[in-house]
Amino acid sequence: MNSRVEARGASLDSIKLAVAAFLLVIGIFAFYYFSSVSTLLRVVGLLAVSGAAIAVAFQTERGHILWQFVSDARMEVRKVVWPTRQETLQTTLVVVVMVLILGIVLWLFDMVLMTILRFLTGQGG
């Protein structure tokens with residue numbers, strides 16, 4: 001008996017996802033079909049149809065799992081200790097200075113190697 005309920009729930013989820021996909025296709029088709037109507041109205045209509053499709057998709061088991069994941073992710077983001085403005089500026093300054101120093105060192109290394117190469121090949125003045 002339990003397997004019947006699971007099979008019926010899975011088929012119902014498939015139907016709901018198909019309806020959500022159908023709504024999206026109809027919304028996109030209508031957006032381009034009614035090109036003579038104001039763009040604002042078409043965008044609002046497309047957003048409304050997309051919202052309905054998302055609402056239908058969230059009624060499935062996968063939708064519930066996705067919503068739980070999003071909720072957990074938001075909770076984890078709240079736990080993050082974000083750097084202050086001063087810490088961000090100091091870190092950025094350190095990165096910029098290190099990139100400049102490394103660029104200068106590589107430029108000098110390139111000049112030395114080029115001078116040696118010119119000397120060895122006889123192209124130097």
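Predicted, not measured: the structure shown is a model, and the values here were computed from it.

Thresholds, definitions, all that
Residues numbered from 1 in each chain as written. Predicted model: local features only at pLDDT ≥ 70, side-chain atom pairs only at ≥ 80, totals over all residues. Heavy atoms only, no water. Helix = DSSP H or I, 4+ residues; strand = E, 2+ residues; numbered from the N terminus. Rg over C-alpha atoms; globule rule 2.2 N^0.38 Å. Buried < 20%, exposed > 50% of the residue type's maximum accessible area, 1.4 Å probe, protein only. Expected span 1.5 Å × (residues − 1). pLDDT = per-residue confidence, 0-100. Salt bridge = Lys/Arg side-chain N within 4 Å of Asp/Glu carboxyl O. UniProt positions renumbered as here; feature names shortened; annotations may be inferred. Patch = residues over 30% accessible without salt bridge, like charges linked within 9 Å, V, L, I, M, F, W, Y side chains within 5 Å. Areas by Shrake-Rupley, 256 points an atom, 1.4 Å probe, with all protein chains shown as cover. Phe/Tyr/Trp six-rings, centres within 6.5 Å; stacked < 30°, edge-to-face > 60°. Lys NZ or Arg CZ within 6 Å of the ring centre and 35° of its normal. Arc of directions from axis to C-beta.

Student: Describe the overall build of the protein, listing the residues and the values that go with them.
Tutor: Within the protein one finds 4 helices and 0 strands. Scanning the protein from its N terminus toward the C terminus, one meets helices and strands in the order α-α-α-α. Taking 2.2 N^0.38 as the reference for a compact globule, 125 residues should give roughly 14 Å; the C-alpha atoms of the protein span a radius of gyration of 30 Å, well beyond that estimate. Taken over the C-alpha atoms alone, the protein extends approximately 90 × 45 × 35 Å along its principal axes. Within the protein, buried positions represent 7% of all 125 residues.

Student: Describe in detail helix H4 (residues 85-121), supporting the description with residues and values.
Tutor: Taking 1.5 Å of rise per residue, the 37 residues of H4 would be expected to cover 54 Å, and the 53 Å separating its terminal C-alpha atoms lies within 8% of that figure. At the exit of H4 stands Gly122, carrying a positive phi of roughly 80°.

Student: Please provide a residue-by-residue account of the confidence of the model for the protein, values included.
Tutor: When pLDDT is averaged across the protein, the result is 90; 91% of the residues are at 70 or more. The least confident element of the protein is helix H1 (residues 2-33), whose mean pLDDT is 83; the most confident is H4, at 96.

Student: Can you break down the pattern of salt bridges residue by residue, with the values?
Tutor: What the rule picks out here adds up to 1 salt bridge. Between Lys79 and Glu76 there is a salt bridge, and its shortest N-O distance comes to 3.3 Å. In this pair, Lys79 and Glu76 are both assigned in helix H3 (residues 61-79), 3 residues apart and thus about one turn of the helix distant.

Student: Pulling in residues and values, what's your account of the UniProt feature "transmembrane region" (unreviewed entry) in the protein?
Tutor: When the UniProt feature table is mapped onto this chain numbering, "transmembrane region" (unreviewed entry) sits at residues 12-34, 40-58 and 88-109. Helix makes up 96% of residues 12-34 and strand 0%, whereas the separation of the span's terminal C-alpha atoms amounts to 32 Å.

Student: Give me a nonpolar patch on the surface: which residues, what numbers.
Tutor: A cluster of nonpolar side chains, Leu93, Val94, Val97, Met98, Ile101 and Val105, forms an exposed patch at the surface whose accessible area comes to about 540 Å². If you trace the backbone, Val105 turns up in helix H4. What makes Val105 partly exposed here is its relative accessible area of 46%.

Student: Could you give an account of the packing of aromatic side chains, with specific residues and numbers?
Tutor: Per the counting criterion, the structure on display carries 4 aromatic pairs. Judged by centre distance (5.1 Å) and plane angle (90°), the ring pair of Phe31 and Tyr32 falls under edge-to-face. A relative accessible area of 17% places Phe31 in the buried class. Tyr32 sits in the exposed class, given a relative accessible area of 59%. Three or more aromatic residues link up through ring pairs in this structure, and these residues are Phe29, Tyr33 and Phe34. The positively charged end of Arg42 is found above the aromatic ring belonging to Phe31, 4.5 Å away from the centroid.

Student: I'd love a proper account of helix H2 (residues 39-57), names of residues and values included.
Tutor: When the terminal C-alpha atoms of H2 are compared, their 26 Å separation across 19 residues agrees well with the 27 Å that a helix rising 1.5 Å per residue should span. Residues of H2 that are buried: Arg42, Ser50 and Ala53. For H2, the angular spread of the buried residues around the axis is 65°, confining them to a single face. Every exposed residue of H2 that faces more than 90 degrees away from the buried side is listed here: Leu40, Leu41, Leu47 and Ala48.

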